[in-house]
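Each chain is listed here by its residues.
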Amino acid sequence: MSLQQKIDRITDILRRDDGISGAMHYTEQTSWVLFLKFLDDYESEKEDEAVLSGKDYQPVLDDEHRWASWACPKTAEGKLDLARAKTGDDLTDYVNNQLFPYLKNFANAAAIGADPKSFTYKIGAIFQYLDNKVASGHTLREVLDIIDTLNFQSDDDMFELSQVYEGLLQNMGDAGGYAGEFYTPRPVVRAMVKAINPQPLEKIYDAAAGSCGFLVEAFEYNKPKPFKKRTGRELTSEEYDFQRADAYWGFEKTSLAYVMGMMNMILHGIESPNLFRGNTLTQNIRDIQEKDRYDIILANPPFGGKEKDQIQQNFPIKANATELLFLQHFMKTIKSGGKAAIVVPEGVLFQTNSAFKQVKQELLENFNREFR
């Protein structure tokens, strides 16, 4: 069974569950299970590397909450240990009342000073916004058994999984409504990234990140070893480390999009996403300093929305149209000599009221721009 067939099988299983309704739910629920399997494989690989180098590695999760202990414990022969593997109400009770409270508690560690680039911080940031919605423990048992067959230590499996996961996110976008707010068609994203031509040591920013399609595609464009590269050369160690931990930055307002974006970046190979939950427009752009600016901006910010007067006070040109507020934010956050590719509605070009005129005047007088 191919990976795509396995994910399709999981989707079919979840559709029958009383707690799941629609593409958003089954993508969200598949995501947290995938992430925990990925985390277990990631930590196993780190432990193996530590042994080979004679160093110590302290896993983030304790033994009781590792995948091999609760999800799919094995016998000495490597088969599922039916005596220890929970199912039905026992599994649901464990996940809802032990596992998720344990994972959510990592948010407290993040709040009291954990390294924001550590997995401890990322786990807390993700699971504080997640809950198990799978009503049946028998359904969850089926899902766990399928995902247990995936190997996140294989580069080929990771690449294939990243493509399948993009398909899940697209299904959420195709479902319309709320989900459509954070998925931009992949051909549009690829065209914008190719036009910008990001380089390995450039900081890339999306202030309305959604599922992080722009940031992921930029990473794919410069993918470091051991992955396939499009730069035409191997990355230096400095470039490799920068790509994994410091190149990609974003904000996302909604909790579900934030979780999907965080997982999307991690599952594509960005080990420490610099993604933060919050409304970008609450930041007073007058306070933005040079250290806060970025080499590249890639974004499809929400437009057609309205912001209250309190938010508008953060901008020199006050407007309730979100597209004008985001444009001002981007103009302030791009470095001198930086590049940006931003999707805007046609009204930015053709609206003639005072706010639109002033923003366009700022663009024309102080920035090199090209409209396509």
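Each chain has its residues counted from 1, following the order in which its sequence is written. pLDDT decides what is reported in this predicted model: residues at 70 or higher carry local features, side-chain atom pairs at 80 or more are listed and counted, and totals for whole chains, interfaces and linings draw on all residues regardless. To obtain the side-chain values, all non-hydrogen atoms of the structure were included, while hydrogens and water were left out.

Peer 1: Can you walk me through the overall build of the protein in this structure?
Peer 2: A run of H or I in DSSP becomes a helix once it reaches four residues, and a run of E becomes a strand once it reaches two; helices and strands are each numbered from the N terminus. A count of helices and strands for the protein gives 16 helices and five strands. Computation of the radius of gyration draws on C-alpha atoms alone. For the globule rule, the value is 2.2 Å times the number of residues to the power 0.38. Taken over the C-alpha trace, the protein has a radius of gyration of 22 Å; the compact-globule value for 372 residues is 21 Å, and the two agree within 12%. Reported as C-alpha extents along the three principal axes, the dimensions of the protein are approximately 70 × 45 × 40 Å. Scored against the burial criterion, the 372 residues of the protein give a buried share of 52%. Computed with a 1.4 Å probe, the accessible areas rest on the Shrake-Rupley method; for each residue, only the protein chains presented here act as cover. Taken as a whole, the protein presents about 17,500 Å² of accessible surface, with 48% of it coming from carbon and sulfur. Positive charge is attributed to Lys and Arg, negative charge to Asp and Glu, and no charge count is given to His or to the chain ends. Working definition for charges: the position is that of NZ of Lys, CZ of Arg, CG of Asp or CD of Glu. Computed over 43 positive and 55 negative side-chain charges, the inter-centroid distance for the protein is 6 Å. Burial classification: accessible surface area is computed with a 1.4 Å probe over protein chains only, and a residue below 20% of its type maximum counts as buried, one above 50% as exposed, and the rest as partly exposed.

Peer 1: Can you help me understand the pattern of salt bridges in this one?
Peer 2: When the charged atoms of two side chains lie near each other, side chains of opposite charge can form a pair. Only one rule defines a salt bridge in this text: a Lys or Arg side-chain nitrogen within 4 Å of an Asp or Glu carboxyl oxygen. Enumeration over the complete set of coordinates arrives at 16 salt bridges. Note that Asp292 and Lys291 form a salt bridge whose closest N and O atoms lie 3.2 Å from each other.

Peer 1: Can you walk me through the pairing of strand 2 (residues 248-252) in this structure?
Peer 2: Side-chain direction in a regular strand flips from residue to residue, so the side chains alternate between the two faces of the sheet. Across the five residues that make up strand 2, a large majority, four, are buried. In this description, strands pair whenever DSSP reports at least two bridges between them. Pairing between strand 1 (residues 204-206) and strand 2: three bridges, direction parallel. Following the sheet pairing, Asp206 is matched in strand 2 by Gly250. As defined by bridge partners, strand 2 adjoins strand 3 (residues 274-277) across four bridges and the pair is classed as parallel. Paired with Glu252 across the strands is Arg277, a residue of strand 3.

Peer 1: Would you mind showing me how to read helix 1 (residues 3-15) here?
Peer 2: Helical periodicity: at 3.6 residues per turn, an α-helix aligns residues three or four positions apart in one direction. Helix span is expected to be 1.5 Å times the residue number reduced by one. For helix 1, which comprises 13 residues, the first-to-last C-alpha distance of 18 Å matches the rise-based estimate of 18 Å (1.5 Å per residue) to within 8%. Among all positions in helix 1, only Leu3, Lys6, Ile7, Ile10, Thr11, Ile13 and Leu14 are buried. For helix 1, the angular spread of the buried residues around the axis is 165 degrees, confining them to a single face. The directions considered for the arc run from the helix axis to the C-beta atoms.

Peer 1: Would you mind going over the sheet that holds strand 5 (residues 334-342) with me for this structure?
Peer 2: The strands that make up a sheet are held in pairs by hydrogen bonds between backbone atoms, and each pair lies either parallel or antiparallel. Sheet architecture is open: five strands sit in the order 3-2-1-4-5, paired in parallel fashion. The sheet is open, and its two borders are formed by strand 3 and strand 5, each paired with just one other strand. Geometrically, the sheet is characterised by an average inter-axis angle of 20 degrees between neighbouring strands, direction not taken into account. In this description, contact between two residues means that some pair of their heavy atoms is separated by no more than 4.5 Å. Only the stretch in contact is used when fitting a helix axis, every axis being a line fitted to C-alpha atoms; angles between N-to-C directions are given from 0 to 180 degrees. In this fold helix 12 (residues 255-268) packs onto strand 2 and strand 3, with an angle of close to 170 degrees to the strand it touches most, strand 3.

Peer 1: Would you explain the packing of helix 2 (residues 23-53) against helix 7 (residues 137-147) in this entry?
Peer 2: The relative placement of two packed helices is expressed as an angle between their axes plus a distance between the axes. Put simply, helix 2 and helix 7 touch, their axes get as near as 10 Å, and they point 45 degrees apart. Accordingly, the angle class assigned to the pair helix 2 and helix 7 is oblique. In the packing of helix 2 onto helix 7, the handedness of the crossing is right-handed. Contacts from Thr30, Trp32, Val33, Leu34 and Lys37 of helix 2 reach helix 7 at Leu140, Val143, Leu144 and Ile147. In this count, Pro and Cys sit with the nonpolar residues alongside Ala, Val, Leu, Ile, Met, Phe, Trp and Tyr, while Asp, Glu, Lys and Arg are called charged and the others, Gly among them, polar. For the contact of helix 2 with helix 7, the residue count by class is seven nonpolar, one polar and one charged. The scheme is simple: roughly parallel for angles under 35 degrees, roughly antiparallel for over 145, roughly perpendicular for 65 to 115, oblique for anything else. The sense of a crossing depends on the near helix, which, turned anticlockwise from the far helix by less than a right angle, makes the crossing left-handed and, turned clockwise, makes it right-handed.

Peer 1: Which parts of the structure should I look at to understand the packing of aromatic side chains?
Peer 2: Two aromatic rings are characterised by how far apart their centres lie and by the angle between their planes. The aromatic pairing rule takes the rings of Phe, Tyr and Trp, using the six-membered ring of Trp, and pairs them if the centres are within 6.5 Å, calling planes under 30 degrees apart stacked, those over 60 edge-to-face and the rest tilted. Summed over the entire model, instances satisfying the criterion amount to 16 aromatic pairs. Here the aromatic rings of Phe35 and Phe127 are separated by 6.1 Å at their centres, their planes lie at 50 degrees, and the arrangement is tilted. Taken together, the positions of Phe35 in helix 2 and Phe127 in helix 6 (residues 119-127) put the pair 92 residues apart, joining distant regions of the chain. Under the relative-accessibility criterion, Phe35 is labelled buried at 0%. Taken together, a centroid distance of 5.7 Å and an interplanar angle of 85 degrees make the contact between Phe38 and Phe152 edge-to-face. Note that Phe38 is positioned in helix 2 and Phe152 in the loop between helix 7 and helix 8 (155-174), a separation of 114 residues in sequence.

Peer 1: So what exactly am I meant to see when it comes to the environment of Gln283 here?
Peer 2: Note on placement: Gln283 falls in the loop between strand 3 and strand 4 (294-299). The partly exposed category is assigned to Gln283, whose relative accessible area is 32%. It is 8.7 Å that separates the C-alpha atoms of Gln283 and His329, two residues lying 46 residues apart in sequence. In this view, Gln283 contacts Ile288, Asn314 and His329; residues no more than four positions away in its chain are not counted.

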